[in-house]
Amino acid sequence: MKKCFSLLLISALLFGTIILTNDTIYASNVTEVPQKMMPGSVIIYDSQLQPKVIKGGYIENETQQNVETEDSIKDSILKCLKPVPITDDMTAAEKELAEWENRLVSGLKEQIVPETLTKTPFQPTIYPGMKVVYDEITGDINNIYYPDADDPSGYSIHNIPTDSNQLITRAAPVYGQPYGAHNNVITYQSSDDSFLGVGRATYFTGSTGNRDNTLKNGDCATQINLDYSRVGDKDVSIRNLNTNHVFTFYQASVGGLPDACIDIWGLSNLRNFAEDQSVTSVYQVRYYHKRFSDQSRPY
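To start, this report covers the structure provided alongside it. (Residues numbered from 1 in each chain as written. Predicted model: local features only at pLDDT ≥ 70, side-chain atom pairs only at ≥ 80, totals over all residues. Heavy atoms only, no water.)

### Side note on the overall build of the protein chain
In terms of regular secondary structure, the protein chain is built from four helices and 14 strands. Going through the 299 residues of the protein chain one by one, you find that 48% of them count as buried. Carbon and sulfur atoms form 52% of the exposed surface of the protein chain, whose accessible area is close to 14,400 Å². (Helix = DSSP H or I, 4+ residues; strand = E, 2+ residues; numbered from the N terminus. Buried < 20%, exposed > 50% of the residue type's maximum accessible area, 1.4 Å probe, protein only. Areas by Shrake-Rupley, 256 points an atom, 1.4 Å probe, with all protein chains shown as cover.)

### A word on the environment of I160
The residue I160 is located in the loop between β7 (155-156) and β8 (185-189) in this model. The class for I160 is partly exposed, based on a relative accessible area of 24%. As a C-alpha pair, I160 and V254 span 94 residues in sequence and 9.8 Å in three-dimensional space. For I160, the contacting residues outside a window of four places in its chain are Y127, Y146, I224 and G256. (Contact = heavy atoms within 4.5 Å.)

### Digging into the sheet that holds strand β5 (residues 131-134)
Read across the sheet, five strands follow the order β4-β3-β5-β6-β7 without closing on themselves; strand pairing throughout is antiparallel. Edge positions in the sheet fall to β4 (51-55) and β7, since each of these pairs with one other strand and no more. Across three bridges, strand β3 (residues 42-45) lies against β5 in antiparallel orientation. Paired with I44 across the two strands is K131, which belongs to β5. (Pairing = 2+ DSSP bridges.)

### Observations concerning the pairing of β4
Here four bridges tie β3 to β4, and the two strands are oriented antiparallel to one another. Among the inter-strand pairings, V42 is bridged to a residue of β4, identified as K55. Following β3, the chain reverses through five residues before pairing antiparallel with β4; L49 in that reversal takes a positive phi of roughly 65°.

### Things to note about helix α4 (residues 267-274)
Burial in α4 covers these residues: N269, L270, F273 and A274. Mapping the buried residues of α4 onto a view down its axis gives an arc of 140°, with all of them on the same face. Packing partners of the buried residues in α4 comprise β9 (194-204), β11 (235-240), β12 (245-255), β13 (262-265) and β14 (282-290). Backbone geometry just downstream of α4 places E275 in the positive-phi region, at approximately 55°. (Arc of directions from axis to C-beta.)

### Brief notes about the packing of aromatic side chains
Inspection of every chain in the model, using the stated rule, returns five aromatic pairs. Taking 5.2 Å as the distance between ring centres and 55° as the angle between the ring planes, the aromatic pair formed by Y188 and F195 counts as tilted. Residue classification places F195 among the buried positions, given a relative accessible area of 1%. Through successive ring pairs, a cluster of aromatic residues spans F247, F249 and F273. (Phe/Tyr/Trp six-rings, centres within 6.5 Å; stacked < 30°, edge-to-face > 60°.)

### So, the environment of V84
Within the fold, V84 resides in the loop between α2 (70-78) and α3 (92-112). Residues V84 and N244, 160 residues apart in the sequence, show an inter-C-alpha distance of 7.9 Å.

### Notes on the state of the cysteines
Taken as a whole, this structure holds zero disulfides when the rule is applied. Cysteine C80 remains unbridged, with the sulfur of C261 as its closest cysteine sulfur at 7.5 Å. According to the relative accessible area criterion, C80 is buried, its value standing at 1%. (Disulfide = S-S within 2.5 Å.)

### Concerning α3
Under the 1.5 Å per step criterion, the end-to-end length of α3 is 30 Å for 21 residues, consistent within 8% with the ideal 30 Å. Turning to α3, its buried residues number three or more, namely A98, W100, E101, N102, L104, V105, L108 and I112. Its buried side turned inward, α3 meets α2, β8, β9, β11 and β14. (Expected span 1.5 Å × (residues − 1).)

### Side note on unusual backbone geometry
If you check the backbone angles, D193 has positive phi at about 50° while not being a glycine. Along the chain, D193 turns up in the loop between β8 and β9.

### Some points on the pairing of β8
Among the five residues of β8, five are classified as buried, and the element is accordingly described as predominantly covered. Across five bridges, the pairing between β8 and β9 is antiparallel. From the neighbouring strand, I186 faces β9, where its bridge partner is G197. Where β8 hands over to β9, the hairpin turn is made up of four residues, of which D193 adopts a positive phi near 50°.

Structure below.
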């Protein structure tokens, strides 16, 4: 039996993923979640980690994403680092907020420009029951949901299984490194004790956040690996760089955010933020907040 298990484990390590669930070993050669599908597609992975298309479908003859150069990645990030103009008609509070944002932007720009950028691979871990939802307009990945008996919808973005039964883990985003098709970047700026993220904003659904809180208008979710909190006791400012308007949100959950720097609860709230009732995601955005009280300094 031990020999059989060892052979299975070695085989899985070489050729795919292995999961232990209720004493049953499931091995799979499914190694990637599709980054793009037909608009509005939904995939659910079964107990053997095989994808089942619930809605929509794969794109025929879909080619690999265009190879990005380091310069093109930097250019896409720099588009999200435009400073906020300081004008005479600003209130003292507005001016203070803009100056703080500009300091954070300047800090990230100084970090990005001279460095060699390594893009984090798009490799979310596949779990049984995981649901992947794709953007209704573009077909880009929108969000990943996990079975959650405590949420009336049956799913939440924060209920990601622990790795106790996961023998192979996947790459997670790294501070200061771009990830996803929209080159999202999240960083911590020690000089201001603040987090800053740039890239794309998506929306999520569900009823309950990661601290059993009821989700409501004005709530957002931060990236679970880079900006985790269970208290969210500082305002989160999110600027739509297309309108140059900044909104105040409240951190109410966390999620994988596979191709976003920030997640806004509810499609209607995302559209209000975008000031456009036809969108299903927003690019280019940036968000920032002071370090939450339960967060340690990342470095």
